[in-house]
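# Examination of the molecular architecture
This is what each chain is made of:
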Amino acid sequence: MFAHLQPSTPDPIMSLMEAYIQDTHPQKVNLGIGLYYDGSGNIPLLQAVHIAEQRLLEQQRPHAYPPIEGTGLLASQIQTLLFGEQTPRLATVQSLGGSGALKLGADFMYHYLARREIWVSDPTWANHWAIFEGAGLKVNTYPYFDDISGGLRFDAMLDTLSSLPEGAVVLLHPCCHNPTGTDLSPSQWRAVIDVLQRRRLLPFFDIAYQGFGDGLEEDCYALREMLKTEMDFLVSNSFSKNVALYGQRLGGLTVCCGTAKEAAHVKGALKTLIRRSYSCPPTHGSQIVESLLADTQLRQMWISELATMRQRIKQMRVSLSAGLEQGGSTLDYTRIRDQKGMFSYTGLNEQQVSQLRHQYSIYLVAPGRMCLPGLNQHNVDYVTAAILDVTRPA
């Protein structure tokens, strides 16, 4: 029955990670997959997470089923993190990471809103395409980033959004755009929101990196401006990055509705979708985050640790761009310095990315997306020298 199946196309990012693991080069550097590494090259166990988890273990809770949608406590905490407040207009459910929230949102739009298309930025995270197409949606793009100039194609973006049909679904990145690291300014967000309102579009915000741009509050500017409107919209969020809970697969989907009654109906629809797929979410990661956010001291400890992570990434941006400048690089190093979050669209072309991998065992995602946390004081000079070599004019 399975003889007709053909080999699957490997996931480009995960296969790159596998190649890195198998590489025996003593100076290999992983700048590909979106993981935060500390200054020693390790995925951190945050102290706030460690304390919260130890407290949970001491309580010796039984491993009972949670509610289909997750707990009300986590839902309220997600709403406060994203919007600074809670309101009956919001329907929030726990999801299997940020990716699970995107899939759940896509299923909701397909089965309950009869949407068959979505518009995403050009470029966007590669798995956005896979998730939305897997849910039955046709994926279209709107202009966003110019890889030659290193800047936003903002006027073209507004023009395209202004031409979309009423009710069209638009995926937007509130902060730390993946893969470019290039974000909209507050004034640009206000212009986009004006178009969304005027055209009566349905925004779907994907905020996977809250806290890695300018701060927990600052990174939610677009969401909080949206809440001031009467528009309906969706938000997927993740705790994989900012709490370093990658393996716990913890995220949330929030839908902002016109009324509390509509929000209750939306939550019911989401619960139906959850029940007929994975039934209910896991509890360990959610209990860690609930405990962390409910305790004032642990929350402040986490905020401080997150700030340290954010500042380390910024320092690596400065160090790399300064080294490239001093080396007389022809690469536009200012974009590496000025972009935000974990990623940079460096401007390196596919040939140069291939050279970095095969000559220096430095791994980037084509066509030049760099994950900055893979840099540290031990390897940044090595990476700088390698980039200078592969970008040197022939």
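Residues numbered from 1 in each chain as written. Predicted model: local features only at pLDDT ≥ 70, side-chain atom pairs only at ≥ 80, totals over all residues. Heavy atoms only, no water.

### Here we look at the overall build of the chain
Using the following cut-off: Per the convention used, a helix needs a DSSP run of H or I reaching at least four residues, while a strand needs a run of E reaching at least two, with both numbered from the N terminus. What the globule rule says is 2.2 Å times the number of residues to the power 0.38, and the radius of gyration is computed from C-alpha atoms. Exposure is judged per residue with a 1.4 Å probe applied to protein chains only, and the accessible area is read against the type maximum: over 50% gives exposed, under 20% gives buried, and values in between give partly exposed. The contact definition used throughout considers only heavy atoms, calling two residues in contact when any of these lie within 4.5 Å. Throughout, the Shrake-Rupley method with a 1.4 Å probe supplies accessible areas, and for residues the shown protein chains are the sole cover considered. Only four residue types enter the charge count: Lys and Arg as positive, Asp and Glu as negative, with His and the chain ends excluded. Charge positions are represented by NZ for Lys, CZ for Arg, CG for Asp and CD for Glu.
The helix and strand tally for the chain stands at 14 helices and 13 strands. Relative to its length of 394 residues, the chain is compact, with a C-alpha radius of gyration of 21 Å against a globular reference of 21 Å. Principal-axis analysis of the C-alpha atoms gives the chain an extent of 65 × 55 × 55 Å. For the chain, the residues scored as buried account for 56% of the 394 residues in total. Sequence separation of at least 24 residues holds for 74% of the intrachain contacts in the chain that already meet a minimum separation of 6. A total of about 17,500 Å² of accessible surface is found on the chain, and carbon and sulfur atoms cover 51% of it. Between the centroid of the 33 positive side chains of the chain and the centroid of its 37 negative side chains there is a distance of 5 Å.

### Concerning the side chain of Glu53
Put simply, the rule is: When a carboxyl oxygen of Asp or Glu is within 4 Å of a side-chain nitrogen of Lys or Arg, the pair counts as a salt bridge.
With respect to the helices, strands and loops of the structure, Glu53 is situated in helix H2 (residues 47–59). This buried residue, Glu53, is left without a salt bridge; Arg55 holds the nearest opposite charge, at 12 Å.

### A closer look at the sheet that holds strand E8 (residues 202–207)
Test applied: Should DSSP find at least two bridges between two strands, the strands are taken to pair. Only the stretch in contact is used when fitting a helix axis, every axis being a line fitted to C-alpha atoms; angles between N-to-C directions are given from 0 to 180 degrees.
With mixed pairing, the seven strands of this open sheet are ordered in space as E2-E10-E9-E8-E7-E3-E4. For this open sheet the edge positions go to strand E2 (90–96) and strand E4 (138–143), each flanked by a neighbour on one side alone. The sheet shows a mean angle of 25° between the axes of neighbouring strands, taken without regard to direction. Here E8 pairs with strand E9 (residues 233–238) via four bridges, running parallel. What sits directly across from Ile207, in E9, is Asn237. Its contacts with the sheet place helix H6 (residues 154–163) against E4 and strand E7 (169–172), and it is angled at close to 135° to E4.

### Remarks on the packing of aromatic side chains
Rule in force here: Here a Phe, Tyr or Trp ring, Trp counted by its six-membered ring, pairs with any other such ring whose centre lies within 6.5 Å, and the pair is stacked when the planes are under 30 degrees apart, edge-to-face when over 60, and tilted otherwise. When the NZ atom of lysine or the CZ atom of arginine is within 6 Å of a ring's centre and also within 35 degrees of its normal, the charge is said to sit over that ring.
Taken as a whole, this structure holds ten aromatic pairs when the rule is applied. Taken together, a centroid distance of 5.9 Å and an interplanar angle of 90° make the contact between Phe205 and Phe233 edge-to-face. Taken as a pair, Phe205 in strand E8 and Phe233 in strand E9 lie far apart in primary sequence, 28 residues in all. We note that Phe205, like Phe233, is buried. A ring pair is formed by Tyr360 and Tyr382, whose centres lie 6.1 Å apart and whose planes are at 70°; its orientation type is edge-to-face. Of the two residues, Tyr360 sits in helix H13 (residues 350–360) while Tyr382 sits in helix H14 (residues 380–390), which places them 22 residues apart along the sequence. The two residues Tyr360 and Tyr382 agree in class, both being buried. An aromatic cluster is defined as three or more aromatic residues linked by ring pairs; in this entry it consists of Phe83, Trp189, Phe205 and Phe233. Of note, Arg116 hangs over the ring of Tyr110, and the distance from its end group to the ring centre comes to 3.7 Å. One residue, Arg369, lies across the ring of Phe343, its end atom 3.9 Å from the ring centre.

### Describing the side chain of Gln94
Under the convention used in this document: Nitrogen and oxygen atoms within 3.5 Å of one another constitute a polar contact, given that in protein one can donate a hydrogen and the other can accept it, and given that sequence-neighbouring residues count only through two side-chain atoms.
Within the secondary structure, Gln94 is located in strand E2. Relative accessible area serves as the criterion here: at 3%, Gln94 is assigned to the buried category. Within the structure, Gln94 has its side chain in polar contact with the backbone oxygen of Pro282 (distance 3.0 Å).

### Some words on the packing of H13 against H14
Here is the rule we go by: Throughout, the term roughly parallel applies to angles under 35 degrees, roughly antiparallel to angles over 145, roughly perpendicular to angles from 65 to 115, and oblique to all others. In this scheme the crossing of two helices becomes right-handed for a clockwise turn of the near helix relative to the far one and left-handed for an anticlockwise turn of less than a right angle. Under this grouping Gly is polar, as are all residues other than the nonpolar Ala, Val, Leu, Ile, Met, Phe, Trp, Tyr, Cys and Pro and the charged Asp, Glu, Lys and Arg.
Two numbers describe how H13 lies on H14: the axes approach to 10 Å, and their chain directions differ by 125°. With respect to H14, the axis of H13 lies oblique. The chirality of how H13 crosses H14 is right-handed. Here Gln352, Gln355, Leu356, Gln359 and Tyr360 of H13 come into contact with H14, specifically with Tyr382, Ala386, Ile387, Asp389 and Val390. Among the residues forming the contact of H13 with H14, the class breakdown is six nonpolar, three polar and one charged.

### With respect to the layout of surface pockets
Let me state the cut-off plainly: Buriedness for pockets is judged along seven lines, at least five of which must meet protein on both sides within 12 Å for an open set on the 1 Å grid over protein atoms alone, while cavities are sets there where a 1.4 Å probe fits but cannot get out, and lining residues have an atom within 4 Å of a point. Grid points are joined across faces, edges and corners, and a volume is the space filled by probe spheres set on the points.
Each pocket or cavity is described by its volume, and for the largest pocket that value is around 610 Å³. In terms of lining, the largest pocket is formed by 30 residues, of which the most central are Met14, Ser99, Trp125, Tyr209 and Lys241. The element best represented in the lining of the largest pocket is helix H5 (residues 126–134), accounting for four residues. Looking at the lining of the largest pocket residue by residue, the class counts come to 16 nonpolar, nine polar and five charged. In this model, the second largest pocket occupies a volume close to 420 Å³. Surrounding the second largest pocket, 18 residues form its lining, Arg200, Leu201, Leu202, Met231 and Asp232 being those nearest its centre.

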